[in-house]
Amino acid sequence: MRILTLLLVLLASVELSARSPNFVVIFCDDLGYGDLGCFGNPTIATPRLDQMAEEGQKWTQFYVADPVCTPSRAALLTGRYPIRNGMTSAARVVFFPDSAGGLPSSEITIAEVLKQKDYATAAVGKWHLGHLPQHLPIEQGFDSYWGIPYSNDMDKVKGTQNYRQGAEDPYFYPDTNHYDVPLMDGAEIIERPADQNTITHRFTMKAVEYIKENADRPFFLYLAHSLPHIPLFASERFRGKSKRGLYGDVLEEIDWGVGEILDTIRAEGIESDTIVVFTTDNGPWLAFKTHGGSAGPLRAGKGTTFEGGQRVPTIFWGPGHVTPGTVSEMGSTLDLLPTFAALAGAQAPNDRKMDGYDLSGVLEGTGASPRDSFHYWTRAKLHAVRSGPWKLHVQQREPINYGRVAPMNGPELYNLETDISEAYDVADAHPEIVSRLMKMLKAHEADTADSLPDQLAARIE
Ligand code: MG
């Protein structure tokens, strides 16, 4: 009995002295489900991501909360469907350089949650949650910010080449001077136009530097690459190297960067205390042909609520916390906030409606995913719901030109376990499932009726 007590005391003290884990989120832009070697791509070489998946968890049914940039990012950082914080809009699809809005300061980000536990926090890369001073990362719980405030194709210089004309050619190389995108350090513009040829390299180096500087304390690093969103840029070393053309060059540089980050974490000896998540904000931009990615077996891509728009290639890595394997249960970027809060011993917001689940049991190999359903929103409209294997669509956008609503003859039902490509509508055969999922849609619509007003519509006067 005495020995048992001693053991328990010992275990408890080990538990108490365990350091809160560091979190690194590497977030790509417009990366497709089928673009990584470990997700089946035959021509893009991603050895470091493949190794990361081998050593960690590859999630095959992981979702972003919206198929375009701004709302998807808002959802990741707040753990709430973007309709709740007014970050999806029927008026404007994302923020633009003339947008006046941003993520409301009343929203609580992962960085703010982790500040309860004195985490160091940094945002590197693309923000896209409001570019005016009051909306920047340093106003949303991040100690520092180094990156571009919106998409890399914005601030197009008038009279320069139209990207669409050459985009189907894998060797067409855009000119970085055609996009007057600013590079910012905190609230200050330090370079304009940002040299996008070296941007993946520089974002990676900033991340590496940050990890080294903060290795002795818990930190949260949000590294949001601005690529492979078009226009595509890769540095000299990667240009013209991939069999997949320029898109492949871009991905292979990102893969190199992931390797640099994992190597740094190991060199600093903090691999047992660090969890790295690799994913993307939405699916591939198919309108740009070979300059866009591939959704693999999934239907459609960016801008749509088909699986190709919202199911994203996702890897969790962390030798001290993540049990290696492939996870085919559901997860979402909505779940990162509650998962990180649980692992850090911080309190997730409890004064508002939250949409995420704590996935730490799946990461640690002790439990199943608590997520069994998912709602598909875009442009402030609820398009579909998934429950277990079943997905019911009530609205759709066109697969390539997602700017247009697609006509439907009625609700469509797909079984995603047997029909990953959403090819066979089985609504007629399963009226009881249609009616159950229809009730779920209605209930979710009612539950989101008290959402914040649209933050995307307002323009700078
Ligand atoms: Mg995107």
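Note that the coordinates shown come from a computational prediction; the quantities given were computed from them, not determined experimentally.

### Some thoughts on the coordination of the magnesium ion
Then, number 1: On the protein side, the magnesium ion has Asp 29 (OD), Asp 30 (OD), Cys 69 (SG), Asp 281 (OD), Asp 281 (OD) and Asn 282 (OD1) as donor atoms, found 2.1 to 2.8 Å from it.
Then, number 2: Coordination at the magnesium ion is irregular, judged from the 6 donor atoms that bind it and the angles of 51 to 153 degrees they form at the metal.
Then, number 3: Written as a sequence motif, the donor residues of the magnesium ion are D-D-x38-C-x211-D-N. Note that Cys 69 is positioned in helix α3 (residues 69-78) and Asp 281 in the loop between β8 (274-280) and α8 (307-310), a separation of 212 residues in sequence.

### Observations concerning the environment of Pro 218
Then, number 1: Following the sequence through the fold, Pro 218 ends up in the loop between α6 (199-213) and β7 (219-224).
Then, number 2: Counting along the chain gives 121 residues from Pro 218 to Pro 97, while the straight-line C-alpha distance between them is 34 Å.
Then, number 3: Non-local contacts of Pro 218, meaning those with residues more than four positions away in its chain, are made with Arg 19, Ser 20, Asn 22, Asp 118, Tyr 119 and Ala 120.

### A short note on the sheet that holds β8
Then, number 1: Across the sheet, which stays open at both edges, the 10 strands sit in the order β6-β5-β4-β3-β7-β1-β8-β9-β2-β10 with mixed pairing between neighbours. Edge strands, defined here as strands with exactly one partner in the open sheet, are β6 (188-191) and β10 (325-332). If you compare each strand with its neighbour and ignore which way they point, the axes differ by 20 degrees on average.
Then, number 2: As paired strands, strand β1 (residues 22-28) and β7 are joined by 5 bridges and run parallel to one another. Paired with Phe 23 across the two strands is Phe 220, which belongs to β7.
Then, number 3: On the sheet, α6 packs against β3 (120-125), β4 (144-147), β5 (183-185), β6 and β7 and is oriented at approximately 175 degrees with respect to β7.
Then, number 4: Sitting on the sheet, helix α7 (residues 246-267) is in contact with β1, β7, β8 and β9 (314-317), with an inclination near 170 degrees to β8.

### Re the packing of aromatic side chains
Then, number 1: Throughout the structure, instances matching the rule amount to 23 aromatic pairs.
Then, number 2: Relative to Tyr 222, the ring of Phe 27 lies with its centre 6.2 Å away and its plane at 40 degrees, an arrangement referred to as tilted. In this pair, Phe 27 is assigned in strand β1 and Tyr 222 in strand β7, connecting sequence segments 195 residues apart. Just as Phe 27 is buried, Tyr 222 falls in that class too.
Then, number 3: Three or more aromatic residues joined by ring pairs make a cluster, and in this case those are Phe 23, Phe 27, Tyr 119, Trp 127, Phe 142, Phe 220, Tyr 222 and Phe 340.
Then, number 4: A cation over an aromatic ring shows up here: Lys 58 above the ring of Phe 39, its NZ or CZ 5.2 Å from the ring centre.
Then, number 5: One residue, Lys 302, lies across the ring of Trp 285, its end atom 3.7 Å from the ring centre.

### Side note on the packing of α6 against α7
Then, number 1: It is at 10 Å that the axes of α6 and α7 come closest, and there the two elements cross at 10 degrees. Put simply, α6 runs roughly parallel to α7. Mapping the contact onto sequence places Thr 200, His 201, Thr 204, Met 205, Ala 207, Val 208, Ile 211 and Lys 212 in α6 and Glu 253, Ile 254, Trp 256, Gly 257, Glu 260, Ile 261, Thr 264 and Ile 265 in α7.
Then, number 2: Its residues placed into classes, the contact of α6 with α7 shows 8 nonpolar, 5 polar and 3 charged.

### Remarks on the domain arrangement of the protein
Then, number 1: Here the protein is partitioned into domain 1 (20-367) and domain 2 (375-447).
Then, number 2: Its C-alpha centre places domain 1 at a distance of 26 Å from the equivalent point of domain 2.
Then, number 3: Counting from both sides, the interface comprises 31 residues of domain 1 and, opposite them, 27 residues of domain 2.
Then, number 4: When the two sides are added together, the surface that domain 1 and domain 2 hide from each other amounts to roughly 2500 Å², 54% of it contributed by carbon and sulfur.
Then, number 5: The tally of links from domain 1 across to domain 2 stands at 3 salt bridges.
Then, number 6: One salt bridge in this structure joins Lys 353 and Asp 447, with 3.2 Å as the shortest N-O distance.
Then, number 7: Inspection of the region where domain 1 meets domain 2 yields 17 residue pairs in polar contact (both at pLDDT 80 or more).
Then, number 8: Of all the secondary structure elements, the ones that give two or more residues to the side of domain 1 that touches domain 2 are β2 (57-63) and α8.
Then, number 9: Grouping the amino acids of the side of domain 1 that touches domain 2 by side-chain chemistry returns 16 nonpolar, 8 polar and 7 charged.

The rules behind these values
- Residues numbered from 1 in each chain as written.
- Predicted model: local features only at pLDDT ≥ 70, side-chain atom pairs only at ≥ 80, totals over all residues.
- Heavy atoms only, no water.
- Donors = N, O, S within 2.8 Å, 3.2 Å for Na, K, Ca; no water.
- Tetrahedral: all angles 85-135°; square planar, octahedral: opposite > 155°, others 65-115°.
- Helix = DSSP H or I, 4+ residues; strand = E, 2+ residues; numbered from the N terminus.
- Contact = heavy atoms within 4.5 Å.
- Pairing = 2+ DSSP bridges.
- Axes fitted to C-alpha atoms, helices over the stretch in contact; angles between N-to-C directions.
- Phe/Tyr/Trp six-rings, centres within 6.5 Å; stacked < 30°, edge-to-face > 60°.
- Buried < 20%, exposed > 50% of the residue type's maximum accessible area, 1.4 Å probe, protein only.
- Lys NZ or Arg CZ within 6 Å of the ring centre and 35° of its normal.
- Parallel < 35°, antiparallel > 145°, perpendicular 65-115°, else oblique.
- Nonpolar A, V, L, I, M, F, W, Y, C, P; charged D, E, K, R; others polar.
- Domains from an automatic or database assignment.
- Buried area = accessible area lost by both parts, 1.4 Å probe.
- Salt bridge = Lys/Arg side-chain N within 4 Å of Asp/Glu carboxyl O.
- Polar contact = N/O pair within 3.5 Å; in protein donor to acceptor, adjacent residues only side chain to side chain.

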